[in-house]
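Next come the chains, spelled out residue by residue.
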Amino acid sequence: MDDCIFCKIINNEIPSTTIYEDDDIKAFFDISQVTPGHTLIVPKKHVKNIFEYDEDLAQRVFKKVPMIARAIKESNPDIIGMNICLNNGEIAYQSVMHSHIHLVPRYSDKDGFSMKWADNTGVASDEQMQERADAIKKNLED
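Figured I'd write up the structure that's included with this text. (Residues numbered from 1 in each chain as written. Predicted model: local features only at pLDDT ≥ 70, side-chain atom pairs only at ≥ 80, totals over all residues. Heavy atoms only, no water.)

Right, let's talk about the pattern of salt bridges for a bit. Scanning the entire structure with this criterion turns up six salt bridges. Put simply, E21 and K44 hold a salt bridge, and the shortest N to O gap is 2.8 Å. Separated by 23 residues along the polypeptide, E21 in strand β1 (residues 18-21) and K44 in the loop between β3 (39-43) and α2 (55-62) bring together distant segments of the chain. The exposure class of E21 is partly exposed, given its relative accessible area of 37%. Since its relative accessible area comes to 26%, K44 is described here as partly exposed. Here the residues in one salt-bridge network are D24, D56 and R60, joined through shared partners. (Salt bridge = Lys/Arg side-chain N within 4 Å of Asp/Glu carboxyl O. Helix = DSSP H or I, 4+ residues; strand = E, 2+ residues; numbered from the N terminus. Buried < 20%, exposed > 50% of the residue type's maximum accessible area, 1.4 Å probe, protein only.)

Our next topic: the layout of surface pockets. If you roll a probe as big as a water molecule over the atoms, it shows you where there is empty space left. Computed from the structure, the largest pocket encloses a volume of approximately 250 Å³. Contributing to the lining of the largest pocket are 16 residues, with I9, F28, F29, D30 and I31 lying nearest its centre. The set of elements that each furnish at least two residues to the lining of the largest pocket consists of α1 (5-10) and β2 (25-29). Here the lining of the largest pocket gets three residues from one element, more than from any other, and that element is α1. Looking at the lining of the largest pocket residue by residue, the class counts come to 10 nonpolar, five polar and one charged. (1 Å grid on protein atoms, 1.4 Å probe; cavity = no way out; pocket = protein on both sides within 12 Å on 5 of 7 lines; lining within 4 Å. Points joined across faces, edges and corners; volume = space filled by probe spheres on them. Nonpolar A, V, L, I, M, F, W, Y, C, P; charged D, E, K, R; others polar.)

Here it is as structure tokens:
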């Protein structure tokens, strides 16, 4: 992808602070550094989002997440947790349309990062929940 910023970073056309690279992925600091150490894990193969991964690519990319997350956590004793986010589509806050996984180290509840989750417990009936589950199950691939 000639106009993809992450493809340009992968191809070293744009500089980055790289912390890990192999044949499948490149992990580098997000320029925004939401918190210190905020890292992106990016597959070298251009895929727009999770919906474009095949099983092989998913295995090669996601197996590196724990290793890189542990390395980030061990790099600073002040890191007490980590958010790992994969946004898919603009509605889900994906801003670069090349799949990437955010590793956001957490230092405290005042470190500048937050997520808000609605609690819709009990909004859907048991029947509605089962209908949703059945609709998903019939689309699962083995």
